[in-house]
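Tertiary structure, described
Listed here are the chains, written in short residue letters.
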Amino acid sequence: MSDDKNASEGDQTGDGPERTPAGSNAGNDGPLGIDETDGANGTDEINESDGTEVGPRRPPDGPTGRSPSSAPAGEHDAQPKPSGRTRPSDDDSDVDDDPSTYEGLRNGERDIDAVSTDNAGGDLAERVENGSLASLDSVDGVGSVDDIDDEDIDPKPDAAGIDPSGVNPSDVDPSTVGVSDIDVSDVDLDGDADPADPSANGSRGLFDDLLSGEPIFENKEVLRPSYTPRTLPHREDQINNTATVLVAALRGETPSNILIYGKTGTGKTASAKYVSQELESTSRKYDVPCTVEYINCEVTDTQYRVLARLANVFIEQNVAYIDARIDSLETLAEEVRGGTGNLVETEFDSPSAIDARIEKLDDDRDSFEPAPMTGWPTDRVYSTFFEAVDYRERVVVIMLDEIDKLVEKSGDDTLYNLSRMNSGLDNSRVSIMGISNDLKFTDFLDPRVKSSLGEEEIVFPPYDANQLRDILAHRSEIAFVDRVLTDEVIPLCAAFAAQEHGDARRALDLLRTAGELAERSGADRVGEAHVRRAQEKIELDRVVEVVRTLPTQSKLVLFAIISLEDSGVHNITTGEVYNIYRRLCDEVDADVLTQRRVTDLISELDMLGIVNAVVVSKGRYGRTKEISLSVPTDKTEHVLLNDSRLSDLREVQPLVQSRFEETE
């Protein structure tokens, strides 16, 4: 150390008198630098020849590996003192051999202003006691470390200046770590912050704001088409007629085949599923084996897939039945052999007969081979289904939704096989329930299939506005929180849906979308404005989806019509569309179709509701179609230009005068 010390920092100068903490005896230091006379610790060793401080004595096997007292004189003088804040003590004579000094350090009642720990670690007070930390120069609620050997200092201290391997953070007062710019009051020392509270972390997540508002929906699934309600308003007659036909299944008889007709959203599927659920629950109540299998023919649209799916369903049912039967027989056999059971009311006369039946059931289970979804001949799949369904006694109702899609894709072979299979079944009975939006699809059926399939026909008429209002009111009681809908919401949804041929599905979608829009905007209630926005959104979503999936040639024809309307052309004819279409094909390097083919594409767009094409007579010039758009121009054009093949048309402005050019 230098000979001159700053007196204001509480250091000694070389010319001053020797100074030791009160109560210590420098002449009686022990081998560890601890006064053995009175037990005081931390005594500084003073060089008697020149009065300079040599530093505290440490054990030879201390952290530095050598005793600091054995270092050449002046070695420590060349090293700077460890930096740290020091505060003047009021009275240096407070430190004595009272053990409360170290107890105060342990309890945090006494603190050290500047601390630099070595690699030895351990409790601060204990390290002072055992001599592994430098002696205390002065302690009076405020202390300082005086003359710590530089080799005891970690060359890479952490940000707080404390080696985390040696000090437990909970044992150290934050004011002792030398960090002057941290407000201790801002630090949660108890660890009682609520991790579930986003504000506790100082930031809110992506979904926190979305979840902060009051919910609008109680059960949104009630408004989806997949939901089957317990009551179906204004469909009581159709439900009763269907149940009257299917009640024969509960008597063990074969129900008549049923065909259900009706437009989209008239409650056909919901009513059929409701009756089916009631049929199965009643069959369990009376212990009558009856099952209903639902197949959506828009997804499962070939004879092979229908038969394979049915075969696998009944194989699974048979395996479950066999497993349950084997368990009951094994229990019976054990009870009989143990003397706790008898065979009086059973079909068996001995335990060996039970074992034979169990072995037979095991063989039956092993004989079932699930049908793959492809790869087998159709007749093999049919045989697998036939054997699986006839394995045990039961009545089976096969519900074919969108049955017209199956006929369009694979003909009427499936219906013929299913409707005629009862003649070969021994144990089970099969009935078919077909559901279709097309009232005329049976016109394409074989007369034999038509006669056997359409034994009973039930028609579902469209809903009117009042009926839709009742349906929405019934669903909204379950779907929404109380009093969240304004008075005009349900009547407006019903009115919009009534314009769409009485489509209840459209009304439910409209009500659900209105609620979602209100929820996203943070509104407390669903109002008329949300319904009108939902109407626009649903219509736009339908247009976007239809236009996006059009073939490229149809998109070019549609873009030609849009170009003519944007140019102010009215009463657009097929010839005018064709002339613009040819120019667009040149721009995108597409093949040019004939005008007759373009006329067919216009008819397809008309059928999809994208354009309105009306055939008009031109007298001696023949007949033509006058075309107009039925969808928003700007939105439709945006969807078309998002197609990578049509993106180059953004900069193309077809010449409107080309409508007057003669068609080649």
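As the structure is a prediction and not an experimental result, all values here were calculated from the model.

**A closer look at the overall build of the protein chain**
A count of helical and extended segments in the protein chain gives 19 helices and twelve strands. Counting over 664 residues, the protein chain shows a buried share of 43%. Of the contacts made within the protein chain by residues no fewer than 6 positions apart, 70% connect residues no fewer than 24 positions apart. For the protein chain, the accessible area works out to roughly 35600 Å², and carbon and sulfur atoms hold 46% of it.

**Looking at the packing of aromatic side chains**
Within this structure, the stated rule accounts for five aromatic pairs. Across the ring face of Phe217, the terminal group of Lys220 is positioned such that the distance to the ring centre comes to 4.9 Å.

**Topic: helix 7 (residues 351-367)**
Relative to the 24 Å expected for 17 residues at 1.5 Å per residue, helix 7 spans 25 Å between its end C-alpha atoms, a close match to the ideal helical length. All of the buried residues in helix 7 are Ile354, Ile358, Leu361 and Asp364. Angularly, the buried residues of helix 7 cover 120 degrees about the axis, an arc narrow enough to put them on a single face. Exposed and facing more than 90 degrees away from the buried side of helix 7 are Glu359, Asp366 and Ser367.

**Comments concerning the packing of helix 6 (residues 303-338) against helix 10 (residues 413-420)**
For any two helices packed against each other, one specifies the inter-axial angle together with the distance between the axes. One can describe the packing of helix 6 onto helix 10 by two numbers: an axis separation of 9 Å at closest approach and a directional angle of 35 degrees. Between helix 6 and helix 10 lies a crossing whose hand is right-handed. Of the residues in helix 10, those in contact with Gln303, Val306 and Leu307 of helix 6 are Asp413, Thr414, Asn417 and Leu418. The class makeup of the residues in the contact of helix 6 with helix 10 is three nonpolar, three polar and one charged.

**A look at the pairing of strand 8 (residues 428-436)**
Every other side chain in a regular strand lies on the same face of the sheet, so the side chains alternate between the two faces. Counting buried residues in strand 8 gives eight out of nine residues, a clear majority hidden from the surface. With eight bridges joining them, strand 7 (residues 394-401) and strand 8 adopt parallel strand pairing. Across the sheet, the residue bridging to Val395 is Arg429, located in strand 8.

**With respect to the sheet that holds strand 12 (residues 623-629)**
Taken in spatial order, the three strands make up an open sheet running 10-12-11, and their pairing is antiparallel. The two strands at the open ends of the sheet, each matched to only one other strand, are strand 10 (572-573) and strand 11 (611-617). Pairing between strand 11 and strand 12: seven bridges, direction antiparallel. Residue pairing across strands places Asn612 opposite Ser628, the latter belonging to strand 12. The sheet contacts of helix 16 (residues 552-566) involve strand 10, strand 11 and strand 12, and relative to strand 12 the element is tilted by about 75 degrees. Packed on one face of the sheet, helix 18 (residues 595-607) meets strand 11 and strand 12 and runs near 125 degrees to strand 11.

**Examining the confidence of the model for the protein chain**
Confidence along the protein chain averages 75 in pLDDT terms, with 67% of residues attaining 70 or more. Strand 3 (residues 136-139) is the least confidently modelled element of the protein chain, averaging 43 in pLDDT, while strand 7 averages 95, the highest of any element. Note on residues 112-122: pLDDT under 50 across the span, and 45 contacts to partners over four residues away in sequence or across chains. Note that pLDDT drops below 50 for residues 657-664; the model gives that stretch 17 contacts with residues more than four away or on any other chain.

**Structural notes on helix 14 (residues 504-520)**
Over its 17 residues, helix 14 runs 24 Å from end to end, which matches the ideal 24 Å to within 8%, given 1.5 Å per residue. With 13 of 17 residues buried, helix 14 is to be regarded as a mostly interior element. In this structure Asp503 caps helix 14, since a side-chain oxygen of it lies 2.9 Å from the backbone nitrogen of Arg505. Just past helix 14, the residue Gly522 takes up positive phi, approximately 80 degrees.

**Topic: unusual backbone geometry**
A positive phi angle is found at His234, which is not glycine, with a value near 65 degrees. Relative to the elements of secondary structure, His234 occurs in the loop between helix 3 (208-212) and helix 4 (236-246). His234 gets classed as partly exposed once you look at its relative accessible area, which sits at 29%. Unusually for a residue other than glycine, Asp287 sits at a positive phi of about 55 degrees. Along the chain, Asp287 turns up in the loop between helix 5 (268-285) and strand 6 (290-296). Looking at Asp287, the relative accessible area reads 69%, which means it is exposed.

**Looking at the sheet that holds strand 6**
Ordered by their spatial adjacency, five strands build an open sheet running 6-7-8-5-9, and the pairing between neighbours is parallel. For this open sheet the edge positions go to strand 6 and strand 9 (456-460), each flanked by a neighbour on one side alone. Taking the axes of each pair of neighbouring strands and ignoring which way they run, one obtains an average angle of 15 degrees across the sheet. Contacts from helix 4 reach strand 5 (258-262), strand 7, strand 8 and strand 9, with the element oriented near 165 degrees to strand 9.

**Some thoughts on a nonpolar patch on the surface**
A cluster of nonpolar side chains, Leu206, Phe207 and Leu211, forms an exposed patch at the surface whose accessible area comes to about 400 Å². As for its position among the elements, Leu211 is in helix 3. Note on Leu211: relative accessible area 68%, which makes it exposed.

**Focus: the side chain of Asp643**
For Asp643, the location among the structural elements is in the segment after helix 19 (633-641). Here the side chain of Asp643 touches Arg645 through a polar contact of 3.0 Å, landing on its backbone nitrogen.

**Observations regarding the nonpolar core**
Ranked by internal contacts, the top residues of the largest apolar core, which has 47 residues, are Phe385, Leu400 and Leu415. If one sorts the elements of this core by residue count, helix 6 sits on top with 14 residues. Setting aside residues up to four positions removed in sequence, Phe385 forms contacts with Leu307, Leu310, Ala311, Phe314, Ile398, Leu418 and Met421. Counting 37 residues, the second largest nonpolar core, distinct from the first, contains Val547, Tyr578, Ile580 and Val588.

**Focus: the environment of Glu369**
Within the secondary structure layout, Glu369 lies in the loop between helix 7 and helix 8 (378-389). On the accessibility criterion, Glu369 (44% relative accessible area) is partly exposed. The sequence separation of Glu369 and Asn312 amounts to 57 residues, and the corresponding C-alpha distance is 8.5 Å. Once residues lying within four places of it in the same chain are set aside, the contact partners of Glu369 are Ile315, Trp376, Arg380 and Thr384.

**Thoughts on the packing of helix 6 against helix 8**
Running from amino to carboxyl end, helix 6 crosses helix 8 at an angle of 30 degrees, the nearest separation of the two axes being 8 Å. With respect to helix 8, the axis of helix 6 lies roughly parallel. Considering the relative orientation of helix 6 and helix 8, their crossing is left-handed. Across from Gln303, Tyr304, Leu307, Ala308, Leu310, Ala311, Phe314, Ile315 and Asn318 in helix 6, the residues of helix 8 making contact are Thr378, Val381, Tyr382, Thr384, Phe385, Ala388 and Val389.

What counts and how
Residues numbered from 1 in each chain as written. Predicted model: local features only at pLDDT ≥ 70, side-chain atom pairs only at ≥ 80, totals over all residues. Heavy atoms only, no water. Helix = DSSP H or I, 4+ residues; strand = E, 2+ residues; numbered from the N terminus. Buried < 20%, exposed > 50% of the residue type's maximum accessible area, 1.4 Å probe, protein only. Contact = heavy atoms within 4.5 Å. Areas by Shrake-Rupley, 256 points an atom, 1.4 Å probe, with all protein chains shown as cover. Phe/Tyr/Trp six-rings, centres within 6.5 Å; stacked < 30°, edge-to-face > 60°. Lys NZ or Arg CZ within 6 Å of the ring centre and 35° of its normal. Expected span 1.5 Å × (residues − 1). Arc of directions from axis to C-beta. Axes fitted to C-alpha atoms, helices over the stretch in contact; angles between N-to-C directions. Left-handed = near helix turned anticlockwise from the far one by under 90°. Nonpolar A, V, L, I, M, F, W, Y, C, P; charged D, E, K, R; others polar. Pairing = 2+ DSSP bridges. pLDDT = per-residue confidence, 0-100. Polar contact = N/O pair within 3.5 Å; in protein donor to acceptor, adjacent residues only side chain to side chain. Patch = residues over 30% accessible without salt bridge, like charges linked within 9 Å, V, L, I, M, F, W, Y side chains within 5 Å. Salt bridge = Lys/Arg side-chain N within 4 Å of Asp/Glu carboxyl O. Core = buried A, V, L, I, M, F, W, Y, C linked by side-chain atoms within 4.5 Å. Parallel < 35°, antiparallel > 145°, perpendicular 65-115°, else oblique.

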